[in-house]
Every structure is written in C-alpha cells, then in structure tokens.
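Coordinates in review
Given next are the chains, with one letter for each unit.
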Amino acid sequence: MRHVRSIFLSDIHLGTRACKADRLLDFLREHSAEHLFLIGDIVDFWSMSRGIQWSRAQNTVIQKLLRRARHGERVVFIPGNHDETLREYDGVLFGDILVANEYVHELADGRRFLLIHGDEFDQVTRHHRWVAVLGDAAYNLLVRMNGWLSWLRRQLGRPGYWSLAGYAKRKVKKALQFILDFEDSVIRNVRHRGLDGVICGHIHWAAIKQVDGLTYVNCGDWVDSCTAIVEHLDGSLELIDWNGLAAIETAAALAEAALAESERQAA
Ligand SMILES: [Mn+2]
C-alpha cells in the first residue's frame with residue numbers, strides 16, 4: 001500500500017451501470033491518505049431518477065469511504081451537478097464527512113488550491129441543463145454499446161475490436177475545443193483569488209497542467225478513464241491512471257482510425 005498525503009477523486013457516478021466501482025475499490029485498497037477529497041458527481045442522482053444500477057461493489061465503495069472517514073482520514077465532499085441536492089448542506093458535517101461547495105486545500109509545500117467540481121464553468125450545462133442530461137444519456141449508451149460490441153467481436157473470434165474511435169474522431173476536435181474552453185474558463189475565474197491553482201472534475205478529462213501561470217488539475221472520472229490525483233508527502237501532485245489497459249486500447253483505437261484515414265486518403 002502506498003501512503004500519500006491526499007487523494008482527489010471526482011465523477012465516480014455511483015448508481016450508474018458505467019461506474020467502475022471494482023477498479024475504484026482496487027485503487028482505494030492500494031492507497032492510504034491523510035486527506036480524501038470527493039470532488040463531485042460521486043453519486044449520480046440524475047441517472048438514478050431514470051433507473052438505479054446499484055451493484056454490491058458500489059455499496060462497498062460507500063462503506064469504504066465512510067470507514068476511512070471514521071478511521072481518521074479527513075474526508076471532504078464537494079457536490080457536483082449530478083449530486084447537487086447536497087449543495088444545500090454547504091458547511092455541514094455528516095458524521096466525519098464535511099460537505100462544502102468549495103474548499104481551499106494547502107499542499108505540504110505551501111501551495112494553495114481551490115477545490116471545486118467545476119460545472120459552473122461549463123457553458124453547455126450551465127445554460128441548457130436538458131442538453132447536459134441528453135448528452136449524459138448518449139454518453140452512457142455509447143459506453144454500453146462499446147462493451148457489447150467488444151463482447152460480440154470476442155465471441156466471433158475477430159482479432160482487434162470495434163471501438164469508439166470512429167465516433168471519437170468526428171467528435172475529437174469539438175471535444176478538445178470544449179476541454180480547452182473549460183480549462184480557460186476555470187483558470188480565468190479563479191485567478192483573482194490569489195491561489196496557486198485549482199483542482200476540479202466534471203469534464204471527465206484528467207490533467208495536471210500549467211495554464212497562464214496557474215496550475216490546472218482535473219481528477220478525470222471512474223466511468224471510463226479510471227483516474228485519480230494524489231498529493232505526495234512533499235506536496236507534489238501526480239495523475240494516476242488506474243486503468244492502463246483501457247488507455248492503451250483507446251490510444252490504439254485512435255491510431256487505428258488515423259491509419260485507416262491516411263490509407264483512405266492515399267488510395
Ligand atoms: Mn459534473
């Protein structure tokens with residue numbers, strides 16, 4: 001087990017089929033910490049209003065988180081847009097877990113970071129909530145379909161796999177622009193606070209990067225990429241990819257799509 005100073009997790013989406021609770025349990029088993037920050041969309045109440053997908057592993061996730069709080073890890077829960085009902089409890093202590101709509105965390109090296117989920121900086125979900133709900137449903141369907149297709153290919157004994165690459169390739173430019181806009185918006189809005197950076201979630205795209213002199217950190221998610229951010233004892237931050245295989249598959253799929261495209265153009 002690795003001991004770190006802090007663990008930052010977001011976008012676990014408990015209550016959905018896509019939630020990778022088993023992978024998360026595996027990650028939690030391997031990491032102990034002094035601080036545990038849950039940065040929004042931990043429980044997906046939106047999705048649960050359409051039908052609950054609650055597994056035993058997801059129960060265990062809740063139990064483990066509560067247990068860690070009880071055993072002295074400082075757990076702070078920052079609600080996101082999928083668990084926004086909890087935003088009414090800003091500042092309330094539930095047993096050993098503090099609910100806070102935002103939180104300033106000081107790293108071991110003295111740097112101070114704002115912790116927020118980040119949906120308020122997402123122009124799409126902020127102004128058109130129904131679009132976000134639809135987008136979310138489409139995304140979940142896509143993740144599920146990809147699972148079925150991989151399974152089908154395995155049954156047929158076909159080498160390789162169909163993947164999201166074709167879809168991703170069409171969407172990739174738009175998605176990258178969305179990510180950059182989001183990062184810019186977050187940094188622009190926290191600049192005046194005199195902090196060293198921000199740690200958020202929401203867009204399911206993990207990152208640690210410098211943007212205009214501030215550090216932008218995103219925890220990623222546990223429905224697809226299985227990523228977390230940890231703070232080491234010296235205050236350094238690390239992005240942990242707990243699903244190396246999936247990342248490789250995605251990269252391979254994108255490479256495959258790019259290759260097919262270049263072959264098509266050459267022909
Ligand atoms: Mn969110």
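In this text the structure is predicted, and so the values were computed from the model without any measurement.

Examining the overall build of the protein
Secondary structure summary: the protein contains 7 helices and 12 strands in total. Across the protein, every contact between residues at least 6 apart in sequence was considered, and the portion connecting residues at least 24 apart equals 69%.

Some remarks on the pairing of strand S2 (residues 31–38)
As defined by bridge partners, strand S1 (residues 2–9) adjoins S2 across 7 bridges and the pair is classed as parallel. Across the sheet, residue His 3 finds its bridge partner in S2, namely Ser 32. In terms of handedness, the path from S1 via helix H1 (residues 21–30) over to S2 forms a crossover that is right-handed. Relative to strand S3 (residues 74–77), S2 is paired through 4 bridges, and the arrangement is parallel. Bridging across to S3, Leu 36 finds its partner in Val 75.

Considerations on the sheet that holds strand S6 (residues 103–106)
Here we have 5 strands laid out as an open sheet, ordered S6-S7-S8-S10-S9, and mixed in their pairing. Taken across any chain shown, the strands that pair with only one partner, and hence form the sheet edges, are S6 and strand S9 (207–211). The mean angle between the axes of side-by-side strands here comes to 25°, regardless of whether they run parallel or antiparallel.

Conventions used here
Residues numbered from 1 in each chain as written. Predicted model: local features only at pLDDT ≥ 70, side-chain atom pairs only at ≥ 80, totals over all residues. Helix = DSSP H or I, 4+ residues; strand = E, 2+ residues; numbered from the N terminus. Contact = placed C-beta atoms within 7 Å. Pairing = 2+ DSSP bridges. Right-handed = clockwise from strand over helix to strand, strands pointing away. Axes fitted to C-alpha atoms, helices over the stretch in contact; angles between N-to-C directions.

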